[in-house]
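Observations on chain architecture
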Amino acid sequence: MSEKVANNQVSHPNVSDVKKSIDIKKLLKSVLAYGSSDLHLVVDSEPQIRIDKELRPLKSAVLSANDIEEMAYSLLEDKQKKIFEDTNELDFSFELKNIGRFRANYYRTIGGVACAFRMIPLDIPTLDEYGNKPIFKELVKKEKGLILVTGPTGSGKSTTLASMLKQINMTEKRHIITIEDPVEFVHKNDKSLFSQRDVGNSTESFAIALKYSLRQDPDVILIGEMRDAETIGAALTAAETGHLVFGTLHTNSAPGTINRIVDVFDGAEQAQVRAQLSSSLVAVIAQSLIPRIGGGKIATQEVLISNPAIANLIREDKVHQIYSQMQLNQKETNMTTQTQELLELLQTKAITKENAIKNSNRPEELAKMIAEL
């Protein structure tokens, strides 16, 4: 973990003065050295890294607009430079030898160019190594249907999905197409064959890539983000027509994910979408990361697994009853709620009460159950 110094800073490894030699690779190496998840470069600030959900400045020089622009542009190809100069926004991923793989976002502030880098592990963890539930290994054996992993930014969705695809890769002979913006985890072919596509680079959009993916003989399709009605509609069609489809949404709860999907469509289309979703949905995993006592983070995973009762509630537009259904016969259904997950973590003293309530999507319910312990 990080070395703490004055003002909650962490000293920069092997760099005495960033101003003497501006080197983005050395800064990115800091992310790896301190086990942090992100690096932020903003004008008139020291570089800052995120450790256990908190930003901490590196003990180095305050960066000017020229400093950041020089570092940022050193990582770009000409095509990427043009996109950034035309739109003032850029998402991409890259790998630095002997350092690691990163997802980057460039944007402009009133002070100049700013950058956010996210560390992506080169070695994809297995489902067991990542601490996922045993039911996940059963879910990825499905021949068709829709599996959604949801949660806020930085909740570990990409890692969970990568671990699920790795499980398929280790055990099944399938053609797996991933459509991402940008590609994060890079998979090596084992038993399965991977075709990984980068939106904006190897394909124009999620919707177009999905349309043509059905002609590419896929067994499994990963959609990095289901952003609009066209993409969601294509995903539902793919899931209905014999493909196992994985996707992500920025929702905090499993039942809330159902509403989010339906609400993307116009009123006249919603009944048809509910019907498609009721027949194609396999599972929703709503994930969040919570600071662990003693350092690090721990995941909570609310799991909704479709069955005839759940499918009927979706079709009949009774999503508000799904949460109660998730609480019934859980040993048989393998479903769990976030509240139950948080209570278990509290009882094992893995997290604090404050962080449990702060991260709960049903804080009043959780507080009441804590009081009854």
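Residue positions are given per chain, counted from 1 along the sequence in the order it is written. The predicted origin of the model limits local features to residues at a pLDDT of at least 70 and limits the giving and counting of side-chain atom pairs to 80 or more, whereas totals for whole chains, interfaces and linings rest on all residues. Just so you know, side-chain values use all the structure's heavy atoms and leave hydrogens and water out.

Describing the confidence of the model for the protein
Counting all residues, the mean pLDDT for the protein is 91, and 94% of those residues have values of 70 or more. Below a pLDDT of 50 lies the segment residues 1-7, which in the model reaches 17 contacts outside its immediate sequence neighbourhood of four places, other chains included. Here pLDDT means the predictor's own confidence in every residue, given as a number from 0 to 100. Whether two residues touch is decided by their heavy atoms; if any such pair falls within 4.5 Å, the residues are in contact. This model gives residues 12-21 a pLDDT under 50, and the stretch forms 17 contacts once residues within four places in sequence are excluded.

Some points on the pattern of salt bridges
Any Lys or Arg side-chain nitrogen found within 4 Å of a carboxyl oxygen on Asp or Glu counts as a salt bridge. For the structure on display, the rule yields 11 salt bridges. Residues Lys133 and Glu341 are paired through a salt bridge, measuring 2.6 Å at the closest nitrogen-oxygen approach. Linking Lys133 in the loop between β7 (112-120) and α4 (135-139) with Glu341 in helix α13 (residues 338-347), this pair joins segments that are 208 residues apart in sequence. A salt bridge links Asp317 to Arg274; the nearest nitrogen and oxygen atoms lie 3.9 Å apart. Of this pair, Asp317 sits in the loop between α10 (308-315) and α11 (322-326) while Arg274 sits in helix α9 (residues 267-280); the two residues are 43 residues apart in sequence, bridging distant segments of the chain. We classify Asp317 as partly exposed; its relative accessible area is 44%. Bridged by salt links that share partners, the residues Asp181, Glu225 and Arg227 form one connected network. Strands here mean DSSP runs of E at least two residues long; helices mean DSSP runs of H or I at least four residues long; both are numbered from the N terminus. Buried means the residue's accessible area, taken with a 1.4 Å probe over protein chains only, is under 20% of the maximum for its type, while exposed means over 50%, and partly exposed covers the values in between.

As for the sheet that holds strand β12 (residues 244-249)
Strand pairing requires that DSSP identify at least two bridges connecting the strands. Pairing in this open sheet of seven strands is mixed, and the strands run β10-β9-β11-β12-β8-β13-β14 from one edge to the other. Edge positions in the open sheet fall to β10 (193-198) and β14 (297-305), since each of these has one partner strand only. Across the sheet, the mean angle separating the axes of adjacent strands is 15° when strand polarity is ignored. Looking at chain direction, strand β11 (residues 220-223) and β12 are connected through four bridges and run parallel. Comment: axis = line fitted to C-alpha atoms, over the contacting stretch for helices; angle = value between 0 and 180 degrees taken between N-to-C directions.

Structural notes on the side chain of Thr300
Its location among the elements puts Thr300 in strand β14. Polar contacts, as counted here, are pairs of nitrogen or oxygen atoms within 3.5 Å of one another; within protein the pair requires one atom able to donate a hydrogen and one able to accept it, and residues that are adjacent in sequence qualify only if both atoms are side-chain atoms. Separated by 2.7 Å, the side chains of Thr300 and Ser288 make a polar contact. When near neighbours in sequence (up to four residues on either side) are disregarded, Thr300 contacts Ala286, Gln287, Ser288, Ile290, Gln338, Glu341, Leu342 and Leu345.

Looking at the environment of Ala209
Mapped onto the elements of the fold, Ala209 is located in helix α6 (residues 206-213). Sequence-distant contacts of Ala209, defined by excluding residues within four places in its chain, comprise Ile179, Arg197 and Thr203.

Concerning the nonpolar core
Ranked by internal contacts, the top residues of the largest apolar core, which has 57 residues, are Phe246, Ile258, Leu304 and Ile322. Beyond its immediate stretch of four places on either side in the chain, Leu304 contacts Ala254, Ile258, Val282, Ala283, Val284, Ile310, Ile322, Met326 and Met335. Only buried residues count toward a nonpolar core. Its members are Ala, Val, Leu, Ile, Met, Phe, Trp, Tyr and Cys residues joined through side-chain atoms within 4.5 Å. Judged by nonpolar contacts, the second largest core, of 31 residues, contains Tyr34, Ile51, Ile68 and Phe94.

As for helix α5 (residues 157-171)
For a helix, the expected span equals 1.5 Å multiplied by the residue count minus one. When the terminal C-alpha atoms of α5 are compared, their 22 Å separation across 15 residues agrees well with the 21 Å that a helix rising 1.5 Å per residue should span. Most of α5 sits out of view: 11 of its 15 residues are buried. Of all the residues in α5, the buried ones are Lys157, Thr159, Thr160, Leu161, Ala162, Ser163, Met164, Leu165, Gln167, Ile168 and Asn169.

Focus: the packing of α9 against α10
Following both chains from N to C, one finds α9 and α10 inclined at 170°, their axes separated by 8 Å at the closest point. Compared by their axis directions, α9 and α10 come out roughly antiparallel. Seen from α9, the contacting residues are Arg274, Leu277 and Ser278; seen from α10, they are Ala311, Ile314 and Arg315. Split into classes, the residues belonging to the contact of α9 with α10 amount to three nonpolar, one polar and two charged. To sort the angles, those under 35 degrees are grouped as roughly parallel, those over 145 as roughly antiparallel, those from 65 to 115 as roughly perpendicular, and the leftovers as oblique. Only Asp, Glu, Lys and Arg are considered charged in this grouping, and only Ala, Val, Leu, Ile, Met, Phe, Trp, Tyr, Cys and Pro are considered nonpolar; every other residue, Gly among them, is considered polar.

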